[in-house]
Amino acid sequence: MIRLIQANLDRQSKAVLLLSMLLQEEFSLLMNKDPQGVTGVELVIQELMRQISAERMSMRSFVQKIDPSAKRLGQVLSAIEDSQRKEIEQLLGKIDEFEQKCGVQATKNHQLAQALLEQSSSMLEFLHKEITPKQQNVYSSRGRYFNPKPQATLVNGRL
């Protein structure tokens, strides 16, 4: 059972490391303004997250086989012998370190994506303002161009 837990943790640490690399790739694609590339990487990230979640659910079942009342690995670590516990704690430390890096990179990606969205929105708003006619009466009711300047007329009156 302990070997299964160690193998599960090893897979999780490799998956989280891969997630960190994918987030860095997503950041570089965002910097290069490649939306199709970002979409592809985002789909891979979502599938990887699903797999990590499945690994964690299987870890929970392993932990409950050791102690049915336990929900987390930390609750059964004291029941594991010292040499194996140290290996498990090292794997948990690696997973935590990679998760911290992923969190920082995900925040950077989010901020960059938000900035690009705001930039695109303001550019679109500017262009919309530029092409919108300044006067609302551009065309007459007959579909002809409305000339706001009055025709020249003769001035009658006394001097």
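For clarity, every value in this text was computed on a predicted model and none was experimentally measured.

A.B. asks: How would you explain the overall build of the chain if you had to name every residue and give the values?
C.D. replies: Each helix and strand in the chain was counted, giving 3 helices and 0 strands. Seen in sequence order, the chain has helices and strands lined up from the N terminus as α-α-α. Each of the 159 residues in the chain was classed as buried or not, and the buried ones make up 25%. Put simply, of all contacts in the chain between residues at least 6 apart along the chain, 64% involve residues at least 24 apart. In the form shown here, the chain has an accessible surface area of approximately 12,200 Å², with 56% of it arising from carbon and sulfur atoms.

A.B. asks: Tell me about the nonpolar core, residues and numbers included.
C.D. replies: In terms of nonpolar packing, the biggest core is built from 16 residues, with Leu 19, Ile 45, Leu 48 and Ile 52 touching the most fellow members. Elements represented by at least two residues in this core include exactly α1 (2-31), α2 (35-66) and α3 (82-131). At 7 residues, α1 tops the list of elements feeding residues into this core. Apart from the residues within four sequence positions on either side, Leu 48 is in contact with Ala 15, Leu 18, Leu 19 and Leu 22.

A.B. asks: Which residues make up the environment of Ile 88, and what values do they have?
C.D. replies: Mapped onto the secondary structure, Ile 88 falls in helix α3. Judged by its relative accessible area of 0%, Ile 88 falls in the buried class. It is 9.5 Å that separates the C-alpha atoms of Ile 88 and Leu 73, two residues lying 15 residues apart in sequence. With residues near it in sequence (within four places) discarded, Ile 88 still touches Ile 2, Ile 5, Gln 6, Leu 9, Leu 73, Leu 77 and Ile 80.

A.B. asks: Can you tell me about the confidence of the model for the chain, naming the residues and giving the values?
C.D. replies: Residues at a pLDDT of 70 or more form 84% of the chain, whose mean pLDDT is 86. Least confident of the elements in the chain is α3, whose mean pLDDT is 92; most confident is α1, at 94.

A.B. asks: Let's hear about a nonpolar patch on the surface: which residues, and what values?
C.D. replies: A cluster of nonpolar side chains, contributed by Met 1, Leu 4 and Ile 66, occupies part of the molecular surface with about 240 Å² of accessible area. By the element assignment, Ile 66 lies in helix α2.

A.B. asks: Break down unusual backbone geometry for me, citing the residues and quoting the values.
C.D. replies: One non-glycine residue with positive phi stands out, namely Lys 33, at about 55 degrees. Exposure remark for Lys 33: the relative accessible area of 55% places this residue in the exposed category.

A.B. asks: Run through the pattern of salt bridges, naming residues and quoting values.
C.D. replies: Pairing is possible between side chains of opposite charge, provided their charged atoms come close. Under the definition given, this model contains 6 salt bridges. For the salt bridge of Lys 14 with Asp 10, the shortest nitrogen-to-oxygen distance reads 3.3 Å. Residue Lys 14 and its partner Asp 10 are located together in helix α1, separated by 4 residues, close to a single helical turn. For Arg 85, the salt bridge is made with Asp 82, and the minimal N-O distance between the two is 2.6 Å. Residue Arg 85 and its partner Asp 82 are both found in helix α3; the two are separated by 3 residues, about one turn of the helix. Overall, the relative accessible area of 23% leaves Arg 85 in the partly exposed class.

Definitions and cut-offs
- Residues numbered from 1 in each chain as written.
- Predicted model: local features only at pLDDT ≥ 70, side-chain atom pairs only at ≥ 80, totals over all residues.
- Heavy atoms only, no water.
- Helix = DSSP H or I, 4+ residues; strand = E, 2+ residues; numbered from the N terminus.
- Buried < 20%, exposed > 50% of the residue type's maximum accessible area, 1.4 Å probe, protein only.
- Contact = heavy atoms within 4.5 Å.
- Areas by Shrake-Rupley, 256 points an atom, 1.4 Å probe, with all protein chains shown as cover.
- Core = buried A, V, L, I, M, F, W, Y, C linked by side-chain atoms within 4.5 Å.
- pLDDT = per-residue confidence, 0-100.
- Patch = residues over 30% accessible without salt bridge, like charges linked within 9 Å, V, L, I, M, F, W, Y side chains within 5 Å.
- Salt bridge = Lys/Arg side-chain N within 4 Å of Asp/Glu carboxyl O.

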